[in-house]
Amino acid sequence: GYMRARVETIGQASALPGWDLTGLTVNSTPVSGDTANVSLQPGELATVVFTNTERGQIVLQKQTVTTTLDGQTFNLVTNYDGTLTLGPANSYSDTSGYLVAGDYTISESSLPAGWDLTGLTVNSTPVSGATANVALQPGELATVVFTNTERGQIELQKQTVTTTLDGQTFNLVTNYDGTLTLGPA
């Protein structure tokens, strides 16, 4: 509305959760802080602009390829929240709090014995290596998926039909562990 010439102080009450005040100008001149002091002259139209930027979030998901999960947990290291453990208690998923736009990294700290990293995607785009780099944009909900596959096991048994084994040993050749010798314990 119309005002008499005077000095006015204008501020933003508070940003909504997940939003930050990232700019403030009076008549296109940047103002530091979160309050603008406007010296209004007779007949003047002052323009005050508050710019708010929405924060983003990162959703981490763990997918597993296994026949027996048995409550296995996996540790991920982030540069925004330290080490996170994904497991049955959190349905193998974690959503960050609100993060300012910027670069974030997530990697597996170490895999449990018998597990391999077999896939990693950021927003459905495959990533090579074991570290996800997320260039989080304002308001973005980025999704990072780590896929781990449990290794299988082969149990070898040698059966013999004899009446006198007399400590006989047998050599088996494998493509995964070379030559194995089986015999009496």
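Our subject in this report is the structure included herewith. Throughout this description, residue numbers start from 1 for each chain and increase along the sequence as written. Whole-chain, interface and lining totals are the exception, using all residues; otherwise, since this is a predicted model, local features are given only for residues with pLDDT of at least 70 and side-chain atom pairs are given and counted only at 80 or more. Hydrogens and waters are ignored; side-chain quantities use all the structure's heavy atoms.

1. Structural notes on the sheet that holds strand 13 (residues 131-136)
Stated precisely, the cut-off is as follows: Here, strands pair whenever DSSP counts at least two bridges between them. Helix numbering and strand numbering both begin at the N terminus, where a helix is a DSSP run of H or I of at least 4 residues and a strand a DSSP run of E of at least 2. Here an axis means a line fitted to C-alpha atoms, over the contact stretch when the element is a helix, while the angle between two N-to-C directions is reported on a 0 to 180 degree scale.
If you trace the 4 strands from one edge of the open sheet to the other, you get 8-7-10-13, paired in antiparallel fashion. This sheet does not close on itself; its edge strands, each paired only once, are strand 8 (82-86) and strand 13. For this sheet, the mean angle separating the axes of adjacent strands, direction not counted, is 25°. Here strand 10 (residues 102-110) runs beside strand 13; their pairing, made up of 6 bridges, is antiparallel. Across the sheet, the residue bridging to Thr105 is Asn133, located in strand 13.

2. Topic: the pattern of salt bridges
Definition in use: A side-chain nitrogen of Lys or Arg and a carboxyl oxygen of Asp or Glu constitute a salt bridge if their distance falls within 4 Å. Throughout this description, buried means an accessible area under 20% of the type-specific maximum (1.4 Å probe, protein chains only), exposed means over 50%, and partly exposed covers the range between.
Taken as a whole and judged by the stated rule, the model has 3 salt bridges. A salt bridge links Asp20 to Arg55, with the shortest nitrogen-to-oxygen separation between them at 2.6 Å. With a gap of 35 residues between them, Asp20 in strand 2 (residues 19-26) and Arg55 in the loop between strand 5 (48-54) and strand 6 (57-65) connect regions that are remote in the sequence. Here Arg55 falls in the partly exposed class, since its relative accessible area comes to 27%. Across the salt bridge formed by Glu108 and Lys62, the nearest N and O atoms sit 2.2 Å from each other. Of the two residues, Glu108 is situated in strand 10 and Lys62 in strand 6; the sequence distance between them amounts to 46 residues. On the accessibility criterion, Glu108 (12% relative accessible area) is buried.

3. Side note on the packing of aromatic side chains
The geometry of an aromatic ring pair is captured by two quantities: the separation of the ring centres and the angle between the planes. Just so we agree on the cut-off: Stacked, tilted and edge-to-face are the three classes assigned to paired rings of Phe, Tyr and Trp, where Trp is represented by its six-membered ring and a pair needs centres within 6.5 Å; plane angles under 30 degrees give stacked, over 60 edge-to-face, the rest tilted. In our convention, an over-ring charge means Lys NZ or Arg CZ found within 6 Å of a ring centre and within 35 degrees of that ring's normal.
One pass over the structure, following the stated rule, counts 3 aromatic pairs. Look at Phe74 and Trp115: their rings are 5.2 Å apart centre to centre, the planes differ by 85°, and that puts the pair in the edge-to-face class. Residue Phe74 is located in strand 7 (residues 74-78), and its partner Trp115 is located in strand 11 (residues 115-122); the two are separated by 41 residues in the primary sequence. The buried category is assigned to Trp115, whose relative accessible area is 4%. In this structure an aromatic cluster arises from ring pairing among Phe74, Tyr92 and Trp115. Over the face of the ring belonging to Phe74 we find Lys62, whose NZ or CZ atom lies 4.7 Å from the ring centre.

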